[in-house]
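Single-letter residue listing:
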Amino acid sequence: MSPVQEKAWRAGRFWWDCTQSADPGAHPLRALIFDLDAMSDLDLDGHRVVFNAAFAAHGLPLQWSPARYRQLLALRDERQRVGAELRKRCVGPECDVLVELLADEICATKDMIFDEMILDLGLSPRAGLVDLVMDAFAQNVPVGVVSGGRRRWVEPLVRQLVGDGLVDVIVTGDDVSGTHAEAFGQALAELGVAPHDALGIAGSAAGLRAANAAGLAPALVGADPDVTGPAVTVRADYTCADGLRLATCRRLLAQWWAQHSPSAA
């Protein structure tokens, strides 16, 4: 049993003794679980840059700007985004066949070079992230991180963003083979915390859906503000408005479960 799990065990807070009370005090904040893209802008500063390198590797005169990539994020699948860009520039009856083949090749190249490039891009933490993580560390609230990426680059990237020793659990695509919601669930299990006692912090519409599916009260930080879906708060970063610090997280979690418990319906 890990120190974090032992602490949770001693506190007696597991899913089987978690009630659905609307009392805000019934669900104290016992963990923060971040989706990795809520910690840094992986889409614009990571995936977009690597895709531009993949285009160059194929000799294509394509460079996705931040504005163009934001438009393409409306398409959930990377292959669809590449295909949409290629179709925009392709003419002739053979276009669809060429697009399908070339999109596959570009995505394969991007996947191959992503691991090599991502740690050298100098990704920065979202504004205010480190303050929130330090709050949690100082007040003994464990922190988890989930990602669909490979552990070999996710772990060093997390250290690059927030430093050593501040994150208790990291769940990656190497650890779960199912949905992103399962990664949140695995993080909860390793932390020994009930879903109702943790705040899930997503950085995308997909992460927001996954946190919801895992039973977490979800916050959305850094994504397009037009993203729809239930969330305790939607923010550009951790400093805007009243600032997303630990006291604010506690308040938001209490408000969420006061409004979403069966007795509040």
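Up top is the structure these notes are about.
Residues numbered from 1 in each chain as written. Predicted model: local features only at pLDDT ≥ 70, side-chain atom pairs only at ≥ 80, totals over all residues. Heavy atoms only, no water.

S.K.: Would you mind going over the overall build of the protein with me for this structure?
M.R.: Along its length, the protein carries ten helices and six strands. Across the 265 residues that make up the protein, the buried fraction comes to 47%. Considering only residue pairs separated by 6 or more positions, the protein has 65% of its internal contacts joining residues 24 or more positions apart. (Helix = DSSP H or I, 4+ residues; strand = E, 2+ residues; numbered from the N terminus. Buried < 20%, exposed > 50% of the residue type's maximum accessible area, 1.4 Å probe, protein only. Contact = heavy atoms within 4.5 Å.)

S.K.: Would you take a moment to explain the side chain of Asp41 for this structure?
M.R.: Relative to the elements of secondary structure, Asp41 occurs in the loop between strand E1 (31–35) and helix H2 (42–57). Buried and without a salt bridge, Asp41 has Arg126 as its closest oppositely charged side chain, separated by 4.1 Å. Ignoring any residue separated from it by four or fewer positions in sequence, one finds Asp41 in contact with Gly46 and Arg126. (Lys, Arg positive; Asp, Glu negative; His and termini not counted. Salt bridge = Lys/Arg side-chain N within 4 Å of Asp/Glu carboxyl O.)

S.K.: Would you explain the side chain of Asp37 in this entry?
M.R.: Relative to the helices and strands, Asp37 is located in the loop between E1 and H2. For the buried residue Asp37, which engages in no salt bridge, the nearest side chain bearing the opposite charge is Arg126, 6.1 Å off. A polar contact of 3.3 Å, which involves the side chain of Asp37, links it to the side chain of Ser204. Setting aside residues up to four positions removed in sequence, Asp37 forms contacts with Leu42, Arg126, Ala202, Gly203 and Ser204. (Polar contact = N/O pair within 3.5 Å; in protein donor to acceptor, adjacent residues only side chain to side chain.)

S.K.: Help me understand the sheet that holds strand E5 (residues 217–221), please; the structure alone is not making it clear to me.
M.R.: Hydrogen bonding along the main chain pairs the strands of a sheet, whether they run parallel or antiparallel. Pairing is parallel in the open sheet, where six strands are placed in the order E3-E2-E1-E4-E5-E6. Of all the strands in the sheet, the pair left with one neighbour each is strand E3 (169–171) and strand E6 (233–235). The mean inter-strand angle of the sheet, taken between neighbouring strand axes irrespective of direction, is 20°. Across the sheet, helix H6 (residues 129–138) touches E1, strand E2 (143–146) and strand E4 (198–202), and the angle it forms with E1 is around 150°. (Pairing = 2+ DSSP bridges. Axes fitted to C-alpha atoms, helices over the stretch in contact; angles between N-to-C directions.)

S.K.: What am I meant to see in the packing of aromatic side chains here?
M.R.: Two aromatic rings are characterised by how far apart their centres lie and by the angle between their planes. This model, assessed by the stated rule, comprises seven aromatic pairs. Consider the rings of Phe114 and Trp153, whose centres lie 5.0 Å apart with planes at 70°: the pair is edge-to-face. Remark: Trp153 occurs in helix H7 (residues 151–162) and Phe114 occurs in helix H5 (residues 95–117); sequence separation between them is 39 residues. Using a relative accessible area of 6% as the deciding quantity, one classes Trp153 as buried. Centre to centre, the rings of Trp256 and Trp257 are 6.3 Å apart; their planes meet at 85°, and the pair counts as edge-to-face. Taking the relative accessible area as the measure of exposure, Trp256 reaches 7% and is therefore buried. Judged by relative accessible area, Trp257 falls into the buried class, the value being 9%. (Phe/Tyr/Trp six-rings, centres within 6.5 Å; stacked < 30°, edge-to-face > 60°.)

S.K.: Honestly, helix H10 (residues 246–260) in this entry has me stumped. Any pointers?
M.R.: One turn of the α-helix equals 3.6 residues, which is why residues spaced by three or four share an orientation. An ideal rise of 1.5 Å per residue puts 21 Å on 15 residues; H10 measures up with 21 Å between its terminal C-alpha atoms. The inward-facing, buried residues of H10 abut E1, H6, E4, helix H9 (205–213), E5 and E6. (Expected span 1.5 Å × (residues − 1).)

S.K.: What am I meant to see in helix H8 (residues 180–191) here?
M.R.: Compared with the 16 Å implied by 1.5 Å per residue over twelve residues, the 17 Å span of H8 between its first and last C-alpha is a close match. For H8, the full list of buried residues reads Ala181, Ala183, Phe184, Ala187, Leu188 and Leu191. Projected down its long axis, H8 shows its buried positions confined to an angular sector of 160°, all on one face. Gly192 sits one or two residues past H8 and shows a positive phi near 70°. (Arc of directions from axis to C-beta.)

By themselves, these are just geometric observations and shouldn't be taken as functional.
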